[in-house]
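Spelled out from the first residue to the last, the chains are:
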Amino acid sequence: MPSLSFLLLLLFLLPIICRNFQAEASGGRWRILQNNIGITAMHMQLLSNDRVIIFDRTDFGVSNLSLPAGKCRDDPNEMVLKTDCTAHSVEYDVLTNKIRPLMVQTDVWCSSGSVTPDGRLIQTGGFNDGERKVRIFNPCSNCDWEEVGDGLKARRWYATNHKLTDGRQIVIGGRRQFNYEFYPKNDAASNVYSLSFLVQTNDKGIENNLYPFVFLNVDGNLFIFANNRAILFDYNTNKVVKTYPVIPGADPRNYPSTGSAVLLPLKNLQGNQTQAEVLVCGGAPRGSYIQALRGNFVKALDTCGRIKITDPNPVWVMETMPQPRSMGDLILLPNGNVLIINGAGTGTAGWEFGRNPVLRPALYRPENGINSRFESLNPTGIPRMYHSSAILVRDGRILVGGSNPHVNYNFSGVLFPTELRLEEFYPPYLDAQYGDLRPAIVSPISKVRIRYGQRLVVRFKVTSVLNAKTVSVKMVSPSFTTHSFSMNQRLLDLGNEKVTNVGTATFDIQVTSPSSSVLAPPGYYLCFVVHQDIPSVGIWVQVN
């Protein structure tokens, strides 16, 4: 029979044991979607038909997925295989979990992209014969890539794209390109414009300013972060409006040191009261790339810097992540939290230049106090190293794919082989225990069009007792994700003006759409109702 002292100890420990068990149980879960999608997911973009366009590069040699009968790429410029009848791009149908091979003609390796207001994916640049190319993908059942030739003035390899207020996109930087240009072209904006900031942030021989982090600020200017510093840039006048302090520690955060960044959720979207904050996380200490070339893998950075870019005198506030991480992705979740996922604990970007895979995602709650924002989540079993990617889909899951796409799709003889598996991560808000809190949108139907500053009523059902103070509507712009940066990612918190009970477990929430295209560039957004941090399945809305 147990002693009294043992029973008292058990009673003392039981709440701690239960609390730890619940934390583990609610730490999200993983599932393999496809064991072999044929290619590795180096670049991903969700489109408004709930299909994800995925591609890697064309100079691998033969992939694991054949093109439809009769289709082959004949490219005399290719270095590995001149005639290739295999796919290097696929369309993944989120709703059916099926893959369709696509044919991309020129090399899209380390390229960039953005979605137009009408929903087409504009994909720019790449390597070799793809460096000036523009490719278009139209979201329809049987569409394929359309190549429109040399649509860029400069070679773009490792560049960043961002949607602008008028529906155009700006293409910034790239290897040995200290400039920017616009797409589509017109007589007023057909040239290449110099950007001396990219010269100033260039570490010779390494660069550390590729894939710069770019966000449209709430004043219409662009926040551009490269290497270890940032500017606020007026792209219309080609002038620097503000220079921000160097991030504390002065270590590089861009490729190949490869941290990540995100624009935190925007609130108060009417008038001129909106404030904007940027979060930059992870990366590798200066010199890590050279050390990796020599076989020495330096511990990645474990810090995040957060800065309010709209402040007159902004300062960085530093925080510590649960683990050091380079090559991690920052993904905005529908409830406004940030998921930090993928990457390595030591080393940098580059084949086999990373070590110690970080298998556990971390959750960052921006509304919490500074020492209580991070939470470690349940791990995957698949290392996601160089060239991995992750994106949010409409039901709140995260698609995760890619890692180390070696030439000839090397699956052996290397520490981290080419990874063709596609998996999904269910964030904690999708745990079954929160099912009764989860709203379900009744109306409007998906693909509704809304105007700027429009009064909008969203009807939803929820089975639990509704806490009206904890209900809000949020809009998320799906990202073009590659190399640990989600281009055009943006979350708009529309808040909650009024909640009305209109029937059994049925409610109307009234909000107002963003007041201008400076806050929400025109295009498709995912719209969610969030109740007590638990989001509904989203609907598509088109802002124009």
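Please refer to the structure higher up on the page.
Residues numbered from 1 in each chain as written. Predicted model: local features only at pLDDT ≥ 70, side-chain atom pairs only at ≥ 80, totals over all residues. Heavy atoms only, no water.

Novice: Break down the overall build of the protein for me, citing the residues and quoting the values.
Specialist: Summing up its helical and strand segments, the protein has 3 helices and 44 strands in all. Taking the principal axes of its C-alpha atoms as reference, the protein extends roughly 75 × 60 × 55 Å. For the protein, the residues scored as buried account for 60% of the 544 residues in total. Put simply, 62% of the contacts in the protein that link residues at least 6 apart link residues at least 24 apart. Total accessible area computed for the protein in this model is approximately 20400 Å², and 52% of it derives from carbon and sulfur atoms. Once the 53 positive and 44 negative side-chain charges of the protein are each reduced to a mean point, those two points are 3 Å apart. (Helix = DSSP H or I, 4+ residues; strand = E, 2+ residues; numbered from the N terminus. Buried < 20%, exposed > 50% of the residue type's maximum accessible area, 1.4 Å probe, protein only. Contact = heavy atoms within 4.5 Å. Areas by Shrake-Rupley, 256 points an atom, 1.4 Å probe, with all protein chains shown as cover. Lys, Arg positive; Asp, Glu negative; His and termini not counted. Charge placed at Lys NZ, Arg CZ, Asp CG, Glu CD.)

Novice: So what's going on with the packing of aromatic side chains? Residues and values would help.
Specialist: Within this structure, the stated rule accounts for 29 aromatic pairs. Between the aromatic rings of F223 and Y244, the centroid separation amounts to 5.2 Å while the plane-to-plane angle is 65 degrees, which identifies the pairing as edge-to-face. Residue F223 is located in strand β17 (residues 222-226), and its partner Y244 is located in the loop between β19 (239-243) and β20 (260-263); the two are separated by 21 residues in the primary sequence. Looking at Y244, the relative accessible area reads 3%, which means it is buried. (Phe/Tyr/Trp six-rings, centres within 6.5 Å; stacked < 30°, edge-to-face > 60°.)

Novice: Go over the environment of A69, please, and point to the residues and values.
Specialist: Turning to its location among the elements, A69 is positioned in the loop between β3 (51-55) and β4 (73-74). With a relative accessible area of 83%, A69 lands in the exposed category. Once the C-alpha coordinates of A69 and C140 are considered, the two residues, 71 residues apart in sequence, prove to be 21 Å apart.

Novice: Tell me about the nonpolar core, and please be specific about residues and values.
Specialist: Formed by 129 residues in total, the largest nonpolar core has its most connected members in V52, I54, F223, I398 and M475. Sorting elements by how many residues they give to this core places strand β42 (residues 523-531) first, with 7 residues. For V52, the contacting residues outside a window of four places in its chain are M44, Q45, L46, V90, E91, Y92, V94, I391 and L399. I170, V214, A226 and F233 belong to the second largest nonpolar core, which has 16 residues in total. (Core = buried A, V, L, I, M, F, W, Y, C linked by side-chain atoms within 4.5 Å.)

Novice: Got a sec to walk through unusual backbone geometry? Specific residues and values, please.
Specialist: Omega for the bond connecting Y183 with P184 falls within 30 degrees of zero, at 0 degrees, which places this linkage in the cis form. Secondary-structure assignment places P184 in the loop between β14 (179-183) and β15 (193-194). Of the consecutive residues Y255 and P256, the connecting peptide bond is found in the cis state with omega at 5 degrees. One can find P256 in the loop between β19 and β20. Look at N128: it is not a glycine, yet its phi comes out positive at around 55 degrees. By secondary structure assignment, the location of N128 is in the loop between β9 (121-124) and β10 (134-137). Of the residues examined, N128 reaches a relative accessible area of 26% and is grouped as partly exposed.

Novice: So what about the state of the cysteines? Which residues, and what values?
Specialist: Under the defined criterion, the tally for this structure stands at 3 disulfides. Shown here is the disulfide that connects C72 with C85, its sulfur atoms set 1.8 Å apart. Measuring handedness by torsion sign, the sulfur bridge of C72 and C85 sits at about 95 degrees and is right-handed. Placement of C72 in the loop between β3 and β4 and of C85 in the loop between β5 (83-84) and β6 (89-93) is noted, with a sequence separation of 13 residues between them. There is a disulfide in this structure between C140 and C143, and the S-S distance comes to 1.7 Å. Given an S-S torsion of about 105 degrees, the disulfide between C140 and C143 has right-handed geometry. (Disulfide = S-S within 2.5 Å.)

Novice: Please provide a residue-by-residue account of the sheet that holds strand β7 (residues 98-102), values included.
Specialist: Spatially, the 6 strands line up as an open sheet ordered β7-β6-β3-β2-β37-β38, and their pairing is antiparallel. Every other strand in the sheet has two partners, leaving β7 and β38 (485-487) as the edge strands with one partner each. Across the sheet, the mean angle separating the axes of adjacent strands is 20 degrees when strand polarity is ignored. Strand direction decides the pairing type here: β6 and β7, joined by 5 bridges, are antiparallel. Its bridge partner lying in β7, Y92 is registered against I99. (Pairing = 2+ DSSP bridges. Axes fitted to C-alpha atoms, helices over the stretch in contact; angles between N-to-C directions.)

Novice: Talk me through the side chain of T481; I want residue IDs and the actual numbers.
Specialist: Tracing the backbone shows T481 in strand β37 (residues 480-482). What makes T481 buried here is its relative accessible area of 0%. Reaching out from T481, the side chain makes a polar contact with the side chain of S486 at a distance of 2.9 Å. (Polar contact = N/O pair within 3.5 Å; in protein donor to acceptor, adjacent residues only side chain to side chain.)

Novice: Hey, could you go over the pairing of β3 for me, with residue numbers and the actual values?
Specialist: Side chains on a regular strand alternate between the two faces of the sheet. Of all 5 residues in β3, 5 are buried, a share of seventy percent or more. Neither face of β3 is left uncovered, since the one carrying R51, I53 and F55 and the one carrying V52 and I54 both have all their residues buried. Pairing of strand β2 (residues 43-46) with β3 involves 4 bridges; the strand directions are antiparallel. Counted as the bridge partner of H43 is F55 from β3.

Novice: Tell me about the pattern of salt bridges, and name the residues and values.
Specialist: Taken as a whole, this structure holds 29 salt bridges when the rule is applied. For E424, the salt bridge identified is with R31, shortest N-O distance 2.5 Å. Of this pair, E424 sits in strand β32 (residues 422-426) while R31 sits in strand β1 (residues 29-34), and the two are 393 residues apart along the sequence. Residue E424 is classed as buried on the basis of its relative accessible area of 0%. R31 gets classed as partly exposed once you look at its relative accessible area, which sits at 42%. Among the salt bridges present, the one from E319 reaches R373, with a minimum N-O distance of 3.0 Å. Pair noted here: E319 is in strand β23 (residues 316-320) and R373 is in the loop between β28 (362-364) and β29 (374-376), with a separation of 54 residues, a long-range link. For the pair E319 and R373, one class covers both residues: buried. (Salt bridge = Lys/Arg side-chain N within 4 Å of Asp/Glu carboxyl O.)

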